[in-house]
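# Structural overview
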Amino acid sequence: GSGIGMHRHENEDEVFIVVRGSGVVDDGRSRARVSAGDATLTRSGEGHAIHNDGDEDLEIVAMILCYADA
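Residues numbered from 1 in each chain as written. Predicted model: local features only at pLDDT ≥ 70, side-chain atom pairs only at ≥ 80, totals over all residues. Heavy atoms only, no water.

### Some thoughts on the overall build of the protein chain
Along its length, the protein chain carries zero helices and seven strands. Overall, the protein chain shows an N-to-C arrangement of helices and strands of β-β-β-β-β-β-β. Over its C-alpha atoms the protein chain spans a radius of gyration of 12 Å, differing by no more than 12% from the 11 Å that the globule rule assigns to 70 residues. Within the protein chain, the proportion of its 70 residues that are buried is 29%. Looking at the protein chain alone, contacts between residues at least 24 apart form 68% of all its contacts between residues at least 6 apart. (Helix = DSSP H or I, 4+ residues; strand = E, 2+ residues; numbered from the N terminus. Rg over C-alpha atoms; globule rule 2.2 N^0.38 Å. Buried < 20%, exposed > 50% of the residue type's maximum accessible area, 1.4 Å probe, protein only. Contact = heavy atoms within 4.5 Å.)

Given below as structure tokens:
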């Protein structure tokens, strides 16, 4: 039942890779079901949240790609 609440990324992109379990990703416009092997991309200026709605732990790897100011 836990998750990462809605938050916005500025000057960075974030990729979630689902390693184990399943859940729901919400970008404020739509919701998508994810499970092991899936990946999501949140671009700079966008927001997202992820919530574990399954019976097992939801494990993700989060990679953040930062952009230096010009």
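Picking up where we left off.
### What about the sheet that holds strand β5 (residues 39–42)?
What the three strands build is an open sheet, ordered β5-β2-β7; its pairing is antiparallel. In the strand order of this sheet, the two ends are held by β5 and β7 (59–66), each with one partner. The sheet shows a mean angle of 15° between the axes of neighbouring strands, taken without regard to direction. Sheet topology note: the strand β2 (residues 12–20)/β5 ladder contains four bridges and is antiparallel. For Val-15, the partnering residue across the bridge sits in β5 and is Leu-41. (Pairing = 2+ DSSP bridges. Axes fitted to C-alpha atoms, helices over the stretch in contact; angles between N-to-C directions.)

### Details of the nonpolar core
The biggest cluster of nonpolar side chains holds five residues, and these are Phe-16, Val-18, Val-25, Val-34 and Ile-50. Each residue touching Phe-16, except ones within four places of it in the same chain, is listed here: Ile-4, Asp-38, Ala-39, Thr-40, His-48, Ile-50, Ile-60, Val-61 and Ala-62. (Core = buried A, V, L, I, M, F, W, Y, C linked by side-chain atoms within 4.5 Å.)

### What about the side chain of Thr-42?
Position of Thr-42 among the secondary structure elements: in strand β5. Judged by its relative accessible area of 5%, Thr-42 falls in the buried class. Side chain to side chain, Thr-42 and His-48 meet in a polar contact 2.9 Å long. Excluding its chain neighbours within four sequence positions, the residues that come into contact with Thr-42 are His-9, Glu-12, Asp-13, Glu-14, Gly-47 and His-48. (Polar contact = N/O pair within 3.5 Å; in protein donor to acceptor, adjacent residues only side chain to side chain.)

### Details of a nonpolar patch on the surface
A grouping of Ile-17, Val-19, Val-61 and Met-63 is seen on the molecular surface, where their side chains present a nonpolar patch of about 290 Å² in accessible area. The set of elements that each furnish at least two residues to the nonpolar patch consists of β2 and β7. Its location among the elements puts Ile-17 in strand β2. When its relative accessible area of 31% is taken as the criterion, Ile-17 is described as partly exposed. (Patch = residues over 30% accessible without salt bridge, like charges linked within 9 Å, V, L, I, M, F, W, Y side chains within 5 Å. Areas by Shrake-Rupley, 256 points an atom, 1.4 Å probe, with all protein chains shown as cover. Salt bridge = Lys/Arg side-chain N within 4 Å of Asp/Glu carboxyl O.)

These results come straight from atomic positions and should not be treated as a statement about function.
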